[in-house]
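Chain and residue survey
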Amino acid sequence: MIPTRSTHVAAYVAIMAVLISLTSGCWNRREIETLGFVMAIGLDESPSGRIQLTVQFAKPGALAGGTEAAGRSEKPFWVSTVEGDTVFECFRHLGSVSTKRPYLQHNRFIIFGDELLKNKGLMPVIDFFNRDAEARLASQVLAVKGATAREYLQAEFEGASLPSEGEQGMLLYLETALGTISPLTFRELEDRMGSEGIEPIAVGVEVVPLKPDTSIKGELTREEVKSTARLGGTAVFKGDYLVGWLDEYETRGLNWILGKVKSTLMVFPQPGFEDRLATIEILRSTGNFKVEVRDDSIVASIHVDTIGNLGEVQEPVDFVKQPETWGQFEKGLEAAIKQEIMQTVTKLQALGADAIGFGQDIFRRKPKDWANIRGHWDDLFPTVKIHVQVKAKLRTPGMVLKSVKTR
Amino acid sequence: MQQIEGGRISSFQVMCLLFLVRMTATTISFPFMIGHESPTDAWIGVAIGVAVSLVLLELIIQLGMKYPDMTIIQYSQVVLGRFPGKAIAFLLIWFWISDAALTIRALGAAITSSFMPETPILVFILLTVLLSANAARNGIEIVGRWGELVAIGVLVSGLVLVLPYRAMNFKNLMPVLPYGLAPHIKGSLTIIAFYMRLSIAWMIIPLAHNRKEVLRYSRYAVLLSGVLILGHAISLVTVFGSQATALAVPGFTLARQIFIGQFFERIETIPVSIWVLNAMVKVALDFWAAATGLSQVFGLQNFQPLAYPVGALAASFSMLFFESLVDLIQFTKHTWSIYSILLVIAIALILHLGSIIKNSNSRTIKPGNGHSDR
């Protein structure tokens, strides 16, 4: 067919018609007014044994109020709870209680309740977050000790209008200044679940109820603040079930081994005085471990190197007259760290959960040995012998060489 | 022989096109990594695959260099005679169309499973086909220039492999060889299979300006893409650890792990759009090769009217061949890998043999070969 003017016009009209229908917007468009920005997701076992989903939405309107009083009286977030048989179903059930459709791209936390982790395990609830295109694998994972995720998501924090901002701040502060949590993302949790010879962990949180008469001055002046929360400790899993908790010091023990202590304080008996304490500020540390499989036993050698400053003493010291005390402080610090590490390993061996990754280390360095022992690693892990070597260096005694003394 | 494509491209553009042709199977979908049995040292499989592909590349490119003025559609008929030659031409045209269908479907599946799950896959397939067929219709020069631009973009998108540095754990690369070499040999087959797509050079070589350079540049294309594939395999394992082999769309998911500071997040759309363009150039080249090939087989004056029909064919194949993403991955990993290696290597060997026999015969009749380089 020879193209004529009329066929050109017809083709032009056809192309325009297609373009008009295509450029009107995306197929999957969602208007921002219809979306609820999810900041945190909580998962629990409901009283009837089903899955209970609690979602914390941000309320951008209340946040936009700024410093003026208008924003103060309104909570900048709200929490919706629904029940269902699967996680995805719960999200759709939110429609029956929530005015906005959950939008997961900004989610920061995935929080699991105690009961859910003990009774159902992680398996039945985590798949959705992998499979869904909207969920983010970089969300932090928290486990609530002795409470439900729903109760936890009602908690509010001073100094942060959005609870998730507050949690983020605490996580960062704790991780970099005390090392009593071992934060990990959802992706890392899953890596631990799927890897050979290592068990998952999660950051532990507790709900702290406020007394009814507590008056909160500061940024939050509302009266309905009922609870806040504290972070610290670690939930230890075996497979995908929660089997126990490490307390804050045991968590730091874990961090020493994994080399994840950034800065912290070590408090131990001051050399020469049994009932007085010395405090050392740790500046840097490295930690690693090597597991050797021998004929009769498995030995894990843990090596920690650390540098610190003397932060505080309770009994006067004088490094000018008695420089040898300096070495005693270093020895005391080494012993304190070593004890913390031993306590952690003992606890984990009692729980039977290899949260450190001794098995993984064997798999990585001696895959042939691992092939032989992986079947009975659960029996072998509690029998692993520990050899801890700590090298501590103190840099400066602070601004004074000599303490104030009473006369 | 008459050339229906009047365009000319540089050797550098040939390299860019060959590079892009290989990269789609890493950026859009990464069948090599999906379900790999020994992910921690998967890079070994990539290295083996790239090394073998470099050798096979000689076989492919040298064949094209024997008849530098003709496309494979033309010289297969010269070497083997009219009917066997046409049979090979049809096999190759079929290969390009079905390969385009595979790429389009993989692209659509990747977008629908990670960005726009509610949009029908047909929308992405049709848009890709329309754009690519239009480029193909405009000839190899347009595709070549487009490829040059996109190839630079794809190289820059290699940053995706480094930017999730905060999520990387290099200990994940241990152990090396926990399950022996067998999974790597198996894995390298997938790598080699996708390098067989470089056989599209059989259509481009006669159009290159300085043909002596083509072999060198195609080696660069293999090495360059090899380095990027290696990077993808390593980066995925360091970031995802034991989950690296579980991802349906590894490249896209990797790009999502980029966080720069606390505020610069969700920039995955930038690399992903470059990768989508990458797939489009590859599909355009497939369409161009199929359209040109068809017009040469049938002795048409012009390949342009065939570009859209070829695109329509590929679009419908992409919808008809595969039921789902699972189906697509099974087919790519287990059927297509073997099929493409067998097809390309068999054709290359047959034509090499044929040309050797023909040359030794013709030498007895009349010395001197008519097909010299210009």
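A brief structural summary.

Quick notes on the rules
Residues numbered from 1 in each chain as written. Chains lettered and ligands numbered in written order. Predicted model: local features only at pLDDT ≥ 70, side-chain atom pairs only at ≥ 80, totals over all residues. Heavy atoms only, no water. Helix = DSSP H or I, 4+ residues; strand = E, 2+ residues; numbered from the N terminus. Rg over C-alpha atoms; globule rule 2.2 N^0.38 Å. Buried < 20%, exposed > 50% of the residue type's maximum accessible area, 1.4 Å probe, protein only. Contact = heavy atoms within 4.5 Å. Areas by Shrake-Rupley, 256 points an atom, 1.4 Å probe, with all protein chains shown as cover. Lys, Arg positive; Asp, Glu negative; His and termini not counted. Charge placed at Lys NZ, Arg CZ, Asp CG, Glu CD. Buried area = accessible area lost by both parts, 1.4 Å probe. Salt bridge = Lys/Arg side-chain N within 4 Å of Asp/Glu carboxyl O. Nonpolar A, V, L, I, M, F, W, Y, C, P; charged D, E, K, R; others polar. Phe/Tyr/Trp six-rings, centres within 6.5 Å; stacked < 30°, edge-to-face > 60°.

It is worth spelling out the overall build of chain A at this point. If you tally the helices and strands in chain A, you get 14 helices and 13 strands. For 407 residues, the compact-globule estimate of 2.2 N^0.38 gives 22 Å, and chain A exceeds it by more than 25% at 27 Å. Dimensions of chain A along its principal axes, counting C-alpha atoms only, are 105 × 65 × 55 Å. Taking all 407 residues of chain A together, the buried fraction comes to 48%. Long-range contacts, defined as pairs at least 24 residues apart, comprise 70% of the intrachain contacts of chain A with a sequence gap of at least 6. A total accessible area of about 20300 Å² is found for chain A, and carbon and sulfur atoms account for 54% of it. When the 48 positive and 53 negative side-chain charges of chain A are each reduced to one mean point, those points stand 4 Å apart.

Our focus in this paragraph is the interface of chain A and chain B. Facing the 22 residues of chain A at the interface are 29 residues of chain B. Across the chain A/chain B interface, buried area totals approximately 2200 Å², and carbon plus sulfur atoms make up 51% of it. Summed over the shared surface of chain A and chain B, the result is zero salt bridges. Looking at the side of chain A that touches chain B, the elements that each hand over two or more residues are β4 (101-103), α9 (186-194) and α12 (358-365) of chain A. The element contributing the most residues to the side of chain A that touches chain B is α9 of chain A, with four residues. For the side of chain A that touches chain B, the class distribution of residues is nine nonpolar, five polar and eight charged.

All names here are of chain B. In the segment running from Met-174 into Pro-175, the intervening peptide bond is cis, with an omega of -5°. Tracing the backbone through its elements, the reader meets Pro-175 in the loop between α6 (140-156) and α7 (182-195). At Leu-177, a residue that is not glycine, the phi angle is positive and equals roughly 55°.

Attention now moves to the environment of Phe-268 of chain A. All names here are of chain A. Inspection of the secondary structure puts Phe-268 in strand β10 (residues 264-269). The class for Phe-268 is buried, based on a relative accessible area of 3%. Phe-268 sits 67 residues away from Ala-335 along the chain, and the two C-alpha atoms are 8.9 Å apart. With residues up to four places along the chain from it excluded, the contact list for Phe-268 reads Arg-276, Leu-277, Ala-278, Ile-280, Phe-329, Gly-332, Leu-333 and Ala-336.

For the structure shown, the criterion picks out 27 aromatic pairs over all chains. Relative to Trp-326 of chain A, the ring of Phe-319 of chain A lies with its centre 4.9 Å away and its plane at 85°, an arrangement referred to as edge-to-face. Of the two residues, Phe-319 of chain A and Trp-326 of chain A, both sit in the buried class. Plain terms: the ring middles of Trp-94 of chain B and Phe-317 of chain B are 5.4 Å apart, the flat faces sit at 75° to each other, and that makes the pair edge-to-face. Highlighted residues: Trp-94 of chain B in helix α4 (residues 82-114) and Phe-317 of chain B in helix α12 (residues 304-321), separated in sequence by 223 residues.

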